Amino acid sequence: MNTMFNRRTFLTTTAAGISLQGWLSRLAAAAPEAKRPKSCILLWMAGGPSHIDTFDPKPEAPADVRGEFAAIETSVPGIRISEHFPRFAKLMQHAAILRGMSTLESDHKLATYHLHTGYQNRAGAVAFPCLGAIVAKELGRQDVALPKFITIGRGPQEALTSGFLGPDQQPLAVNDPVRGLDFIEPGGDPQRFAREIELLHGFDEAFHARYQSPAGETHHTSITRAVRLMNSQQKEAFDLSREPANIREMYVPPSSATAPAAASGKMTKMVSSGERAGSFGQGCLMARRLVEAGVPFVEVVMGDGVGWDTHRDNFPRVRALSLECDAAMAGLVTDLQSRGLLDSTLIVWMGEFGRTPQCTGGGRNHWSRAWSSVLIGGGIKGGQVVGRTDRDGATVVDRPISVPDFLGTVCTILGIDYKRKNHPPGVGRPIPIVDTSKEVNLLTQLL
Amino acid sequence: MPIKLVLSVLLLTVAAMAHAATVPAQNPERWQAAAILKYPALREQGTPLNKQFLAVVAAKRQSEPAFFHQPDWPIRAADLAVEEIKNAEAAAKEKTMADEQAAKAKGEAEANTVKAGIAAKQASTPDQRREMDRKDARRESDRSKTGWIAKFGAGEAAELAGLIDQQIEARLSKEGVRAAALADDAEFVRRIYLDLHGEVPPLEQVKRFLADPRPDKRARLIDSLLADARYGQSLADIWQGYLMSPLADDPTRRAERFRDWLAGQLNTRPWNEIATELIAGTGTMEDNPAVTYLIEGRLPRAVPDLTDLTSRYFLGIRLNCAQCHDHPFVKWKQEEFWGMAAFFTQIQTPKRAKQVYEKGVIDDPKLTLANLKDAGVPDGFIQSAPAFLGGKGLSPATSTITHRAALAQWMTTPENRWFARATVNRTWWRLMGRGIVRPVDDMHEANEPSHPQLLELLARKFAESGFDLKFLTRAIVLSRAYQRTSQAGELADRQAELFGRMSIKVLSAGQLYDSLETISGPAAKVTGIDVRQGARWEFTQFFGDSGDPEPTAYRRGIPHLLRQMNSGQFTGSGFDGLVTRLNSPANRPVEETVSDLFLTILSRPPTGNEVRMAKPYVNQSGSATGGLRELAWVLVMTSEFSLNH
């Protein structure tokens with residue numbers, strides 16, 4: 001009846017932890033790269049970046065569409081992107097730009113939910129899980145004390161949910177990567193904490209003997225797992241101070257990049273509202289550490305508050321955001337590559353939609369009919385562009401990509417069968433990982 | 001709205017007075033808000049409570065400036081004001097009672113219509129009777145506010161509780177399963193507070209209840225909890241979660257306004273009237289918070305979403321599958337979904353998202369499903385005239401009212417078989433942890449209720465009562481079925497299925513927050529917890545569940561437990577205060593303080609074994625207060641604290 005509350009097991013799992021040395025060497029000795037289970041890092045561009053000002057430049061378009069930025073050549077002849085992604089341009093051979101994104105929602109929250117879960121948010125009994133929770137469930141490893149889905153930076157709460165997959169897949173949020181993970185250390189000294197946990201166990205044991213409640217046992221298991229993480233060396237993955245200065249620097253844009261932005265007080269305030277300057281880059285570095293430690297899904301959020309939602313001051317803000325993003329992305333790709341992790345780590349760059357071709361009043365508005373996302377690494381065939389928009393970036397003229405097409409492809413790259421069905425409790429019908437009610441056309445040219 | 005809110009005036013006055021004395025410790029706005037949450041009458045200027053409150057503040061300023069050092073002084077002041085009003089009322093009543101008794105002595109027998117209630121009244125002492133009369137007076141004041149008069153009182157509720165038990169016990173004996181014993185008083189007091197007020201009972205209440213020798217003390221407690229405004233507030237908290245999308249714009253402010261409105265309604269009006277306000281309301285959210293449901297139920301495709309929400313929460317039916325195709329297992333056809341959807345089309349605006357916030361809900365007869373075609377919906381909007389479930393269309397008699405008003409009228413007639421059953425099943429599900437029909441909102445022919453006669457009985461009585469939710473709730477919680485223990489025993493699972501044993505529920509995020517606040521005072525400011533939208537809102541978003549989680553399912557993992565254990569949001573300085581309060585005088589025996597900690601956090605005294613574990617623990621800690629604080633921390637981390645058992 002009460003087997004899971006064996007005191008000995010409890011104390012062993014919580015106190016022993018896993019030594020860092022053993023953990024690192026086991027990773028190093030792990031099977032050849034090809035066999036390493038895949039991981040995914042989602043770079044979430046909150047607010048919806050302009051596709052025209054980033055990865056789908058339109059130099060032929062009229063000035064009010066073309067905007068202020070020039071297009072530059074990349075390492076792949078013929079593929080041109082915004083001048084404010086200079087570092088990433090040199091890594092284009094690893095990436096595919098998807099210029100045919102064409103989706104159904106143009107409200108921030110609805111679109112964010114749609115892109116994260118693959119389903120439109122409707123009233124209805126089903127709480128859909130987001131991509132991170134799906135990957136956590138499908139690819140999570142038992143030997144890792146770290147949660148299988150971790151978010152960095154303040155993200156869209158309502159979309160970062162495990163839905164019907166439940167608490168095991170619920171993301172652990174790192175609010176500020178520079179500060180590290182909040183609440184991972186006990187409030188008092190560790191010895192006192194150990195005593196408290198032992199007393200807690202005694203009380204719980206007596207309660208479970210009296211009440212035998214599965215809910216209570218799950219609570220106790222969750223505590224046990226949280227304590228295991230607190231006592232595990234793996235939590236060092238959250239500590240960026242362990243990273244050499246030269247690696248930390250890789251993720252930081254040149255100082256000149258942010259200087260002009262800082263000149264306009266109002267604008268700087270908007271760009272950085274609620275977010276520490278440069279924290280996105282450090283978040284990407286933490287994502288690399290976490291993936292290295294065996295976490296299958298990390299989502300790094302760029303743009304708390306206003307972010308890429310540039311209804312006003314589009315050009316100075318997109319320039320500053322792009323340069324910060326460029327340094328972080330390029331740093332991440334280079335760093336992963338140098339560690340032999342790029343082929344097993346898929347990086348997804350996307351927001352909830354693109355922005356209008358017409359630039360009015362210095363800003364661009366929401367545009368979901370045609371926009372761009374980027375996939376990097378993960379063993380895909382890089383150096384290509386999929387899909388094409390018209391001269392003004394207003395509609396997709398070649399290979400429109402729906403949300404199910406997109407997420408089905410991401411799942412396939414990660415080795416997940418996107419058609420697999422979950423059976424959520426109380427729903428009464430199976431729910432496929434990706435909505436298959438309409439035909440799903442995978443982007444086979446990437447696989 | 002007839003009641004003009006003068007919250008800000010009151011707050012300014014209070015703030016000014018408090019400032020004159022001394023600035024209260026932390027977060028004064030929060031605590032004034034908390035006092036108003038506890039006593040909504042505070043926000044209306046000129047109410048007896050409001051006047052008394054200001055009088056208390058003025059008196060304390062003269063006599064006890066240190067009073068304002070307490071972080072929760074506004075609540076304490078409000079408590080004192082309430083106490084003084086009660087005393088004055090009691091004195092007045094006593095006089096009336098004496099007169100009445102003199103009259104009775106002359107031989108006038110009271111005509112008894114309310115059976116059990118009157119029986120209890122006859123058996124009680126004058127003291128108890130006085131208390132009961134005060135409850136009646138309170139009901140009186142509720143009536144005068146809304147014009148609604150409850151048809152059924154405590155007697156009818158007790159009678160229905162008896163019928164519930166007859167049905168459940170007959171079934172148990174038929175299946176050869178013995179019912180579990182009744183819960184002890186400690187189990188009961190914690191359960192009833194969590195279920196009716198959404199928080200654990202305060203220490204004094206636990207002590208008073210456990211020490212109360214009167215045999216009918218459970219019924220008395222139920223009455224007083226139902227009469228307290230907190231009942232409607234905690235129920236409103238739940239319904240606001242059902243009826244407002246988490247994706248709503250500006251959720252906190254709108255949710256708060258909507259919740260306040262719901263609380264007032266749930267405290268004073270029957271469910272059919274509330275449902276009508278929600279479905280047929282017009283105007284802006286500022287003028288008529290009821291329309292928050294129509295505007296923020298779902299964004300921005302209101303028509304299909306309102307159809308689904310309305311059928312699930314008010315009728316206990318899942319129509320949403322039939323939006324795109326005929327339901328595979330159930331009789332619902334696509335035409336039924338769109339027939340219901342057609343009732344909501346008149347409030348849709350082509351550019352709804354922007355206009356509806358400014359202009360509010362307005363009916364435009366020109367709008368039909370045909371001109372609202374939405375490519376985002378699979379197969380688009382299917383053209384249909386409004387048709388009630390079952391196929392009937394609008395009758396000429398309803399031609400003078402809006403489509404939604406006609407829908408509300410049809411839904412809330414006593415003859416509508418879905419409306420009462422849905423509400424009964426949801427109320428039962430919430431209180432008992434398990435629906436008579438499961439899942440709670442999926443009622444159809446192929447999904448048999450576990451107790452069909454019980455469901456029919458409750459639905460019939462609920463309709464007869466005039467859809468009085470308090471009556472329904474009172475009847476359920478008065479039943480033995482509700483008052484049984486949840487402790488393990490033989491055939492425990494089978495017992496729970498047959499309602500012969502209480503199911504163990506999990507504290508919702510709101511219950512967790514409010515309980516922690518009851519125990520340790522206001523949430524502390526903590527790095528890493530973003531309270532820009534309000535501490536309680538943030539907490540319920542973080543710990544909450546989307547949708548309708550089963551009340552018995554535990555859905556928290558590593559992120560939640562790390563925060564609960566290590567954030568110190570409640571267990572930091574709040575626990576210092578708790579321990580200091582309980583651990584005085586300084587030479588108080590440690591057993592007594594330990595016992596009070598158990599009573600505060602788990603609403604029960606410790607067992608002998610627990611004292612044997614706790615005492616040496618406290619003694620071995622560096623200091624007694626340190627040890628007691630750690631003990632308090634351990635107690636809020638227990639499985640028992642996370643559960644409503």
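All values derive from a computational prediction rather than experimental measurement. Position labels on residues start from 1 in each chain and follow its written sequence. To label them, take the chains in the order written and letter them from A, then take the ligands in the order written and number them from 1. Totals for whole chains, interfaces and linings use every residue, but because this is a predicted model, local features are given only for residues with pLDDT of at least 70 and side-chain atom pairs only at 80 or more, for both listing and counting.

A. Geometry of the overall build of chain A. Per the secondary structure count, chain A includes 14 helices and 16 strands. Field definition: a residue is buried when 20 or more other C-beta atoms are found within 10 Å of its C-beta, exposed when 12 or fewer are, and partly exposed for counts in between, with C-beta atoms placed from the backbone. Burial statistics for chain A: of 447 residues in total, 55% are counted as buried. Each residue gets a C-beta atom placed from its backbone, and two residues are in contact if those atoms lie within 7 Å. Taking the contacts inside chain A whose residues are at least 6 apart along the sequence as the reference set, 76% of them involve residues at least 24 apart. Strands here mean DSSP runs of E at least two residues long; helices mean DSSP runs of H or I at least four residues long; both are numbered from the N terminus.

B. Broad picture of the overall build of chain B. Within chain B, the secondary structure is distributed over 31 helices and two strands. In chain B, which comprises 645 residues, the share counted as buried stands at 48%. Contacts in chain B between residues far apart in sequence, at least 24 positions, make up 71% of those at least 6 positions apart.

C. Layout of the nonpolar core. Each nonpolar core comprises buried Ala, Val, Leu, Ile, Met, Phe, Trp, Tyr and Cys residues, the members being joined through C-beta atoms within 7 Å. Counting 269 residues, the largest nonpolar core has Leu43(A), Val300(A) and Ala632(B) as its most contacted members. Of all the elements, helix H13 (residues 314-338) of chain A adds the most residues to this core, at 12 residues. Apart from the residues lying within four places of it in its own chain, the contact partners of Ala632(B) are Phe575(B), Leu578(B), Val579(B), Leu597(B) and Ile601(B). Among the nonpolar cores identified, the runner-up in size contains 12 residues, and Tyr39(B), Val57(B), Ala78(B) and Ala81(B) belong to it.

D. Expanded view of the sheet that holds strand E6 (residues 172-174) of chain A. Residues and elements named next belong to chain A. At least two bridges found by DSSP between two strands is the condition for calling them paired. Within the open sheet, the eight strands sit side by side as E6-E5-E7-E1-E8-E11-E4-E12. Their pairing is mixed. Of all the strands in the sheet, just E6 and strand E12 (384-386) have a single pairing partner and so form its edges. The sheet shows a mean angle of 20° between the axes of neighbouring strands, direction not considered. For strand E4 (residues 95-101) and strand E11 (residues 371-377), the ladder comprises five bridges, and the chain directions are antiparallel. Within the sheet, the bridge partner assigned to Ala 95 lies in E11 and is Ile 376. Simply put, an axis is a line fit to the C-alpha atoms, just over the touching stretch for a helix, and the angle between two N-to-C directions goes from 0 to 180 degrees. Contacts from helix H6 (residues 131-139) reach strand E1 (39-45), strand E5 (149-152) and strand E7 (297-302), with the element oriented near 160° to E7. Along the sheet, helix H12 (residues 279-292) makes contact with E1, E5, E6, E7 and strand E8 (345-351), crossing E7 at roughly 180°.

E. Inspection of the packing of helix H9 (residues 203-211) of chain B against helix H28 (residues 590-602) of chain B at higher detail. Residues and elements named next belong to chain B. At a minimum axis distance of 8 Å, the contact between H9 and H28 shows a crossing angle of 100°. As judged from the angle between their axes, H9 and H28 are roughly perpendicular. Judged by residue contacts, Leu 203, Val 206 and Lys 207 of H9 engage Asp 596, Leu 599 and Thr 600 from H28. Under the scheme applied, nonpolar residues are Ala, Val, Leu, Ile, Met, Phe, Trp, Tyr, Cys and Pro; charged residues are Asp, Glu, Lys and Arg; polar residues are all the others, including Gly. Among the residues forming the contact of H9 with H28, the class breakdown is three nonpolar, one polar and two charged. Any angle that is under 35 degrees is reported as roughly parallel, and any over 145 degrees as roughly antiparallel; angles of 65 to 115 degrees are reported as roughly perpendicular and all others as oblique.

F. Inspection of the interface of chain B and chain A at higher detail. If you look at the interface, chain B gives 56 residues, while chain A gives 58 residues. Within the residue set of the side of chain B that touches chain A, elements represented by two or more residues are helix H15 (302-315), helix H26 (558-566), helix H29 (608-620), helix H30 (624-637) and helix H31 (639-642) of chain B. In terms of residue count, the dominant contributor to the side of chain B that touches chain A is H26(B) (seven residues). The class makeup of the residues in the side of chain B that touches chain A is 24 nonpolar, 21 polar and 11 charged.

G. Inspection of the pairing of E11(A) at higher detail. Residue and element names in this part refer to chain A. Along E11, seven of the seven residues are buried, which leaves the element largely enclosed by surrounding structure. Alignment of E8 against E11, held across four bridges, turns out to be antiparallel. Counterpart to Ile 347 in the pairing with E11 is Ile 376.

H. How the structure looks around the pairing of E7(A). Residue and element names in this part refer to chain A. With six of six residues buried, E7 lies mostly within the body of the structure. A two-sided burial pattern is seen for E7, the buried positions comprising Phe 297, Glu 299 and Val 301 on one face and Val 298, Val 300 and Met 302 on the other. Relative to E7, E1 runs parallel, the two sharing six bridges. Bridge assignment links Ile 41 to a residue of E7, and that residue is Val 298.

I. Molecular detail of the environment of Asp185(B). Inspection of the secondary structure assignment puts Asp185(B) in helix H8 (residues 185-197). For Asp185(B), the residues in contact, after removing those within four places along its chain, are Phe209(B) and Leu210(B).

J. Representation of H28(B) within the structure. Residue and element names in this part refer to chain B. The end-to-end C-alpha distance of H28 is 18 Å, a good match for the 18 Å that 13 residues give at a rise of 1.5 Å each. Listed in full, the buried residues belonging to H28 are Thr 593, Val 594, Asp 596, Leu 597, Phe 598, Leu 599, Thr 600, Ile 601 and Leu 602. Contact partners of the buried residues in H28: H9, helix H24 (509-520), helix H27 (573-582), H29, H30 and H31. One or two steps after H28, the chain reaches Ser 603, where phi turns positive at roughly 60°. Helix span, expected: 1.5 Å multiplied by one less than the number of residues in the helix.

K. Structural detail: H13(A). Residues and elements named next belong to chain A. Helix length check: H13 (25 residues) gives 35 Å between terminal C-alpha atoms against 36 Å at 1.5 Å per residue, within 8%. Of all 25 residues that make up H13, 20 are buried, and the element is covered over most of its length. Gly 340 lies just past H13 and shows a positive phi near 70°.

L. Here's a closer look at unusual backbone geometry. All names here are of chain B. Cis geometry is adopted by the peptide bond preceding Pro 439, which originates at Arg 438 and carries an omega value of -10°. Within the secondary structure, Pro 439 sits in the loop between helix H19 (417-432) and helix H20 (452-464). Across the junction of Ser 584 and Pro 585, the peptide omega takes the value 0°, indicating a cis bond. Mapped onto the elements of the fold, Pro 585 is located in the loop between H27 and H28. Phi is positive for Leu 491, which is not a glycine, with a value near 55°. Tracing the sequence through the fold places Leu 491 in the loop between helix H22 (480-483) and helix H23 (492-497). Positioned with a positive phi, Phe 499 is a non-glycine residue whose angle comes to about 60°. For Phe 499, the location among the structural elements is in the loop between H23 and strand E1 (505-506).

M. Representation of the environment of Leu110(A) in the model. Looking at where Leu110(A) falls in the secondary structure, it is placed in helix H5 (residues 108-117). Put simply, Leu110(A) and Ala245(A) are 135 residues apart on the chain and 40 Å apart in space, counted from C-alpha to C-alpha.

N. How the structure looks around the packing of helix H10 (residues 217-227) of chain B against helix H21 (residues 469-478) of chain B. Residues and elements named next belong to chain B. The interhelical angle for the contact between H10 and H21, taken along N-to-C directions, is 155°, at an axis separation of 11 Å. The angle between H10 and H21 places the two elements in the roughly antiparallel class. Where H10 crosses over H21, the two elements pack in a sense that is right-handed. Contacts between H10 and H21 involve Ala 219, Ile 222 and Leu 226 from the former and Lys 470, Thr 473, Arg 474, Val 477 and Leu 478 from the latter. By residue class, the composition of the contact of H10 with H21 is five nonpolar, one polar and two charged. Two helices cross in a left-handed way if the nearer one is turned anticlockwise from the farther one by less than a right angle. They cross in a right-handed way if the turn is clockwise.

Such coordinate-based values are descriptive only and should not be taken to indicate function.
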